[in-house]
Amino acid sequence: MFEPSRRFLVLGTALLTPLLVLPGCATTGSGGDLTEGLRRLLGISSQRALARLVTDNGYVNDPVARISLPAGLNDRSTAVLGALLRSAPVQRELAIAVNRAAGDAADRAAPLIYDSIRSLTFSDAVAIVHGGPTAATSYLERAIGDRIIDAMFPEIGDALHQFGSGSILGPVVGAATGIDIPAIQRAVTDQASQGLWRAIGREEAAIRSDPARAGDPLVEAVLSGDLLR
């Protein structure tokens, strides 16, 4: 059962409403309909992906987004500490910690994603509608670029600096003064952003393969080609 954060629910409602409440027959002509339909496709795909990823263990439970532990966690730690960090219980907790941090970061990136969706133009839409199964997601990734890293990076850093509190990692992290947290932060952020794009792309591809899954008549009309005839 998904339990999106309260922040995500508020953002999702506020930001997606302008994209999703318009009727299936827009009055702006076929060009406007095409653009709005693809905005809705991206909005629905992003909302569904984020709803999964911002839950507790959302990244952990998602095979396309799951984050692996960065290499070099114990590069400058002692041999004993290195062995401890490689132990199964600590590895499990570290994996959960970094994946939960990624979920928090995805939540933080939501406004940036929705703002970029609103910026989609008709020329963008024409290329997207004739593209592959994840063409809209690829457009969004290009449009946002490294700003997604900038949005997610602080959240992951905060989580990584706090992940030892009240857990078996407390004494481990406290002793591991040689661990390069900023390097881990960067590696986790990179993986988190790529996992987010893969999750959005999966949702887009599923809708393209069966447009009725969008639950939106305008999206269905765009993807079925009705607006281009």
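Residues numbered from 1 in each chain as written. Predicted model: local features only at pLDDT ≥ 70, side-chain atom pairs only at ≥ 80, totals over all residues. Heavy atoms only, no water.

Overview of the overall build of the protein
Within the protein one finds ten helices and zero strands. Of the regular secondary structure in the protein, the N- to C-terminal order runs α-α-α-α-α-α-α-α-α-α. Evaluated residue by residue, the protein yields a buried proportion of 45% over its 229 residues. Considering only residue pairs separated by 6 or more positions, the protein has 83% of its internal contacts joining residues 24 or more positions apart. Summed over its atoms, the accessible surface of the protein is roughly 10700 Å², and 55% of this surface lies on carbon and sulfur atoms. (Helix = DSSP H or I, 4+ residues; strand = E, 2+ residues; numbered from the N terminus. Buried < 20%, exposed > 50% of the residue type's maximum accessible area, 1.4 Å probe, protein only. Contact = heavy atoms within 4.5 Å. Areas by Shrake-Rupley, 256 points an atom, 1.4 Å probe, with all protein chains shown as cover.)

Observations concerning the pattern of salt bridges
One pass over the full model with this rule turns up ten salt bridges. One salt bridge connects R208 with E204, and the closest N-O pair in it is separated by 2.7 Å. With R208 and E204 both in helix α9 (residues 181–209) and four residues apart, this pair spans about one turn of that helix. For the pair shown, R208 and E204 are each scored as buried. (Salt bridge = Lys/Arg side-chain N within 4 Å of Asp/Glu carboxyl O.)

A closer look at the side chain of E204
We classify E204 as buried; its relative accessible area is 0%. At 3.3 Å, the side chain of E204 and the backbone nitrogen of A135 are in polar contact. E204 has contacts with L41, S45, G132, P133, T134, A135, A136 and T137, leaving out every residue within four places of it along the chain. (Polar contact = N/O pair within 3.5 Å; in protein donor to acceptor, adjacent residues only side chain to side chain.)

Points about the nonpolar core
Residues Y59, I113 and I148 are the most contacted members of the largest nonpolar core, which totals 49 residues. Of all the elements in the fold, those that place two or more residues in this core are α2 (29–53), α4 (88–118), α5 (122–129), α6 (135–144), α7 (147–162), α9 and α10 (217–224). (Core = buried A, V, L, I, M, F, W, Y, C linked by side-chain atoms within 4.5 Å.)

A word on α10
When α10 is considered as a whole, its buried residues turn out to be L218, V219, A221 and V222. Looking straight down α10, one finds its buried side chains confined to an arc of 160 degrees; they lie on one side. Taken from the residues just after α10, G225 is the one with a positive phi, measuring 90 degrees. (Arc of directions from axis to C-beta.)

Thoughts on the environment of G32
Locating G32 in the fold gives a position in helix α2. Classification of G32 by relative accessible area gives partly exposed; the value is 24%. A sequence separation of 93 residues divides G32 from A125, and the C-alpha atoms of the two residues are 9.7 Å apart.

Topic: the confidence of the model for the protein
As a general rule, the predicted coordinates of low-pLDDT regions are not to be interpreted in detail. Mean pLDDT over the protein works out to 77, with 67% of the residues at or above the 70 mark. Confidence, read as mean pLDDT per element, is least for helix α1 (residues 6–20) in the protein (46) and greatest for α6 (96). Predicted confidence for residues 1–15 stays below pLDDT 50, and this span has 29 contacts to residues more than four positions away or in other chains. Note that residues 18–29 has pLDDT below 50 and, in this model, 20 contacts with residues that lie over four places away or in other chains. (pLDDT = per-residue confidence, 0-100.)

Remarks on the environment of P154
On the secondary structure map, P154 appears in helix α7. Residues P154 and R186, spaced 32 residues apart in sequence, show a C-alpha to C-alpha distance of 9.9 Å. If near-sequence neighbours (up to four positions away) are discounted, P154 is found in contact with R108 and Q185.

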